[in-house]
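# Report on the structure
What follows is each chain in one-letter form.
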Amino acid sequence: MLICLFKLEDDGPTIVNMVSDKNVEFDENVTEKFIFSGSITYSLVFQGMVSFDDLSSELYGPFPFAFSSGFVQYAFSFLAEDKTMKDQRMKKKTLGLVLMLVPEILSKIDDFREELAKILIYKFHNVKKIGDVNEKFLGSIIQSYNKVLIDLMESKQAELLSAQLLEYIKQKPKPSKKDPLNLAIIYPKAFIETVKKSYNSLLSSLPYETTGYTEEEANIRTKSYNFSLMIDSSVEEDFLNAQKALILIIDVSGKKYESFYKLLSKLKKELKIAVVISLPNDIEKASHQYAKFFTGLQRYISGMPFFSASFTTPYDFRTKMLEALFWVLSE
């Protein structure tokens, strides 16, 4: 396991500690990847939080890891005292997030996520101050994780997985792309306030280079990616076909998705398509509308790399958007 701690500082989330189960030094490339990945996770996990009462210590994931296949990431949120916090609204507290990278094969073991959650809840139940979550504390989480690993599989298999992670850490960075990849989040007008919150959260967390916002379109440009957030009625064909991947927020519960069919009919090339679907609470209605929507969708995305997730609550929306984002970012 590779584990790192983010905490909220006055200028946004900052990586504080990074620990592995092997004694290795983390080069700038590895740190940069985790800052980017942690920033996205941080922004969406804490999106829309109005008061500390809205925060619970919770495990999120698994999510794809954007920078290497074969690994997934989990995130754990918590609240702790932080006397260095200058923002008076925070009342000398900080929002903490622990990000963990593990081999993907572990996420497929039935009991793994439950065991990981038990470890984290037990370890954090006495954490009061952010200083308590130091390298020794993170190392103790890794030790408990390794014991679970051996319980769930043969010792030799556990050693191979640990070696796989170490090999990844030691990898030399690939040549960087000259131009950022274009990724678009397209949504119906009814979701403008929800997406605006996502934009504000991403903006407060991502290491961006330029940004812009209007009611019809928002843009966040980082070193490697160019994120666009746009209402479906404003999307033009040239913009659509300039994208590397699309995340479509679909209001199936409102039965207003014909505009997305028309949009996808303009595609001239194969893209990665992620669909995050709003469903009604009524299970019978949800299943019927979900099936009807996908029957029509298949005409436009057949054969393309595809991901789908559904939500009914704001919490579900945050977690499903995380899954969708990391899926489109993954290799």
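Everything below is about the structure shown above.
Everything in this summary refers to the structure shown in the same document. Not measured: the values here are computed from a predicted model. The residue count restarts for each chain, going from 1 along the sequence in the order it is written. Local features in this predicted model are restricted to residues of pLDDT 70 or higher, and side-chain atom pairs are both shown and tallied only at a pLDDT of 80 or more, whereas totals for entire chains, interfaces and linings draw on every residue. Here the side-chain values reflect all heavy atoms present in the structure, with hydrogen atoms and water set aside.

### Here's the deal with the packing of helix α3 (residues 112-124) against helix α4 (residues 135-152)
To keep things clear, this is the line we draw: Axes here refer to lines fitted to C-alpha atoms; in helices the fit is confined to the stretch in contact. Angles between the N-to-C directions go from 0 to 180 degrees. Each helix is a run of DSSP H or I of at least 4 residues and each strand a run of E of at least 2, with the numbering of both proceeding from the N terminus. Oblique is the label for every angle not falling under 35 degrees (roughly parallel), over 145 degrees (roughly antiparallel), or within 65 to 115 degrees (roughly perpendicular). For any pair of crossing helices, the crossing counts as left-handed if the nearer helix is rotated counterclockwise from the farther one by less than a right angle, and right-handed if it is rotated clockwise. Whether two residues are in contact is decided by their heavy atoms: any pair within 4.5 Å suffices. As a working rule, the residues Ala, Val, Leu, Ile, Met, Phe, Trp, Tyr, Cys and Pro are called nonpolar, Asp, Glu, Lys and Arg charged, and the rest polar, with Gly in that last group.
Where α3 meets α4, the closest approach of the two axes is 10 Å, and the angle between their N-to-C directions is 150°. Put simply, α3 runs roughly antiparallel to α4. For the pair α3 and α4, the crossing hand works out as right-handed. Touching F112, E115, I119, L120, K123 and F124 of α3 are F137, S140, I141, S144, Y145, V148 and L152, all from α4. Looking at the contact of α3 with α4 residue by residue, the classes come out as nine nonpolar, two polar and two charged.

### Some points on helix α5 (residues 155-170)
We count it as follows: Here a helix's expected span is defined as the number of its residues, less one, multiplied by 1.5 Å. Buried, partly exposed and exposed residues are distinguished by accessible area as a fraction of the type maximum, computed with a 1.4 Å probe on protein chains only: under 20%, between the cut-offs, and over 50%, respectively. To be clear, the arc concerns the directions from the helix axis to the C-beta atoms.
Spanning 16 residues, α5 covers 23 Å between terminal C-alpha atoms, matching the ideal 22 Å at 1.5 Å per step. Within α5 the residues assigned to the buried category are A158, L161, S162, L165, L166, Y168 and I169. End-on view of α5: buried residues confined to an arc of 160°, all on one side of the axis. Exposed and facing more than 90 degrees away from the buried side of α5 are K156, E159, L160, E167 and K170.

### Describing the packing of aromatic side chains
Keep this limit in mind: Any two of the Phe, Tyr and Trp rings considered here, Trp counted by its six-membered ring, make a pair once their centres fall within 6.5 Å; the pair's planes then place it as stacked at under 30 degrees, edge-to-face at over 60, or tilted in between. Only Lys NZ and Arg CZ are tested; either one counts as a charge over a ring when it is within 6 Å of the ring centre and within 35 degrees of the ring normal.
Applying the stated rule across the entire model yields 26 aromatic pairs. Centroid distance F191 to F311: 6.1 Å. Interplanar angle 85°. Geometry classified as edge-to-face. With F191 in the loop between β6 (181-187) and α6 (192-205) and F311 in strand β12 (residues 306-311), the pair connects residues that are 120 residues apart, well separated along the chain. An identical accessibility class is assigned to F191 and F311; each is buried. Seen from their ring centres, F311 and F317 are 5.0 Å apart, and the 65° between their planes marks the pair as edge-to-face. Through successive ring pairs, a cluster of aromatic residues spans F34, F36, F65, F67, F71, Y168, Y225 and F227. A cation sits over an aromatic face here: K272 above W327, 4.6 Å from the ring centre.

### Quick word on the pattern of salt bridges
Applied cut-off: Throughout this description, the term salt bridge denotes a Lys or Arg side-chain nitrogen within 4 Å of a carboxyl oxygen of Asp or Glu.
Tallied over the full model, the rule gives seven salt bridges. The partner of K223 in a salt bridge is E32, with the nearest N and O atoms 3.8 Å apart. Of this pair, K223 sits in the loop between β8 (217-222) and β9 (225-231) while E32 sits in helix α1 (residues 28-45), placing them 191 residues apart in sequence. Overall, E32 belongs to the partly exposed group, its relative accessible area being 38%. Each of E114, E115 and K118 takes part in a single network of salt bridges with overlapping partners.

### A word on the sheet that holds strand β10 (residues 245-251)
How we decide: A pair of strands is labelled paired if DSSP reports no fewer than 2 bridges between them.
The seven strands are arranged β7-β8-β9-β6-β10-β11-β12 in an open sheet whose pairing can be described as mixed. Only two strands of the sheet have a single neighbouring strand rather than two, namely β7 (208-213) and β12. Averaged over all adjacent pairs, the angle separating strand axes in this sheet is 10°, with direction ignored. Lying over the sheet, α6 contacts β6, β7, β8, β9 and β10, oriented at roughly 155° with respect to β7.

### As for the nonpolar core
Our working definition: Working definition of a nonpolar core: buried Ala, Val, Leu, Ile, Met, Phe, Trp, Tyr and Cys residues. They are joined through side-chain atoms within 4.5 Å.
F34, I40, F227, I247 and L329 are the most contacted members of the largest nonpolar core, which has 61 residues in total. If you tally residues by element for this core, the top one is helix α10 (residues 314-329), at nine residues. With residues near it in sequence (within four places) discarded, I247 still touches A184, I185, I186, A274, V276, M321, A324, L325 and V328.

### Observations regarding the pairing of strand β3 (residues 58-64)
With five bridges connecting them, β3 and strand β4 (residues 71-81) associate as antiparallel partners. Residue L59 lies in a different strand from β4, and its bridge partner there is F76. The hairpin formed by β3 and β4 contains six residues between the paired strands, and G70 there has a positive phi angle of roughly 95°.

### What to know about the environment of K255
Structurally, K255 is set in the loop between β10 and α8 (258-264). With a relative accessible area of 57%, K255 lands in the exposed category. In this structure, the C-alpha to C-alpha distance between K255 and S278, residues 23 residues apart in sequence, is 9.9 Å.

### Topic: the pairing of β7
Within a regular beta strand, the side chains point alternately toward one face of the sheet and then the other, so they alternate between its two faces. Note that β7 and β8 share five bridges and pair antiparallel. Paired with T210 across the two strands is R221, which belongs to β8.

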